[in-house]
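# Summary of structural features
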Amino acid sequence: MQNFHRSVKNFYCQTIFFLYNHENMKTFERKSIIQNKKALFDYEIIEELDAGIILFGPEVKSLRAGQANLKGSYVTLHSGRPILVGAHIAEYVRNTNKKIDPKRERELLLSKKEILHLSQKIKEMGATLIVKEILSVGNLFKARLALAKGRKKWQKKQVLKE
């Protein structure tokens, strides 16, 4: 009987903590900074998900100014780590520190479960992982990834007709 009272008390405390935290949580506006419009034309999107990006300070300032290009960028999985390749984030004009390569490879933040799911889908379907857009969520930047299959030339013509 004593264990029952402990479990009820724990449940009650957890419920109050949950309600308290969700009342005070801030909701941030998701603002699209850069879109990869060419990818929407070249690929048929199957599935989407968001991932965090590891950036340096000057890169963050350049992104806030909208000085980036996602054309031709894609994501590879090197030894279980997702890496963004081919994205160009311009150098920040007022940067006094060391120079950062605008085309450098940037690591993305995903859970192990998401990485395994994506790697299975890529192997099964022969799909590609592309970056659809970069979002600003509060003071963080996230990349909206898309699992996509390339379109044939005749499929692209049909899209243009529609």
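All of the points below concern the structure found in this document. Quantities reported herein were computed from a predicted structural model and do not represent experimental measurements.

### Notes on the overall build of the chain
What the chain contains, in helices and strands, is five helices and nine strands. In the chain, the order of α-helices and β-strands from amino to carboxyl end is α-β-α-β-α-β-β-β-β-β-α-β-β-α.

### Focus: the nonpolar core
Counting residues in each nonpolar core, the largest one holds 24 residues, and the members touching the most others are Leu55, Leu63, Val75, Leu108, Leu110, Val131 and Leu145. Where this core is concerned, the elements lending two or more residues are strand 2 (43-53), helix 3 (57-64), helix 4 (112-125), strand 8 (128-137) and strand 9 (140-150). Sorting elements by how many residues they give to this core places strand 9 first, with four residues. Those residues in contact with Leu63, other than ones at most four positions away along the chain, are Ile33, Ile34, Leu55, Ala68, Ile89, Ile134 and Phe141.

### Points about unusual backbone geometry
Most peptide bonds are trans, and most residues other than glycine sit at a negative phi. Here the phi dihedral of Ser79 falls at roughly 45°; this positive angle occurs in a residue that is not glycine. Tracing the backbone through its elements, the reader meets Ser79 in the loop between strand 4 (74-78) and strand 5 (81-85).

### Describing the pattern of salt bridges
Any two side chains of opposite charge can pair, on the condition that their charged atoms come close. For the coordinates displayed, the defined rule picks out eight salt bridges. The partner of Arg144 in a salt bridge is Asp50, and the shortest N-O contact between them spans 2.9 Å. Taken together, the residues Arg144 in strand 9 and Asp50 in strand 2 connect sequence positions 94 residues apart. Residue classification places Asp50 among the partly exposed residues on the basis of a relative accessible area of 23%. A salt bridge links Glu59 to Arg104; the nearest nitrogen and oxygen atoms lie 2.8 Å apart. Of the two residues, Glu59 is situated in helix 3 and Arg104 in the loop between strand 6 (88-89) and strand 7 (106-109); the sequence distance between them amounts to 45 residues. You'll find Glu59 and Arg104 in the same group, each marked buried. Connected through shared salt-bridge partners, Arg30, Asp50, Glu133 and Arg144 make up one network.

Reading guide: rules and limits
Residues numbered from 1 in each chain as written. Predicted model: local features only at pLDDT ≥ 70, side-chain atom pairs only at ≥ 80, totals over all residues. Heavy atoms only, no water. Helix = DSSP H or I, 4+ residues; strand = E, 2+ residues; numbered from the N terminus. Core = buried A, V, L, I, M, F, W, Y, C linked by side-chain atoms within 4.5 Å. Buried < 20%, exposed > 50% of the residue type's maximum accessible area, 1.4 Å probe, protein only. Contact = heavy atoms within 4.5 Å. Salt bridge = Lys/Arg side-chain N within 4 Å of Asp/Glu carboxyl O.

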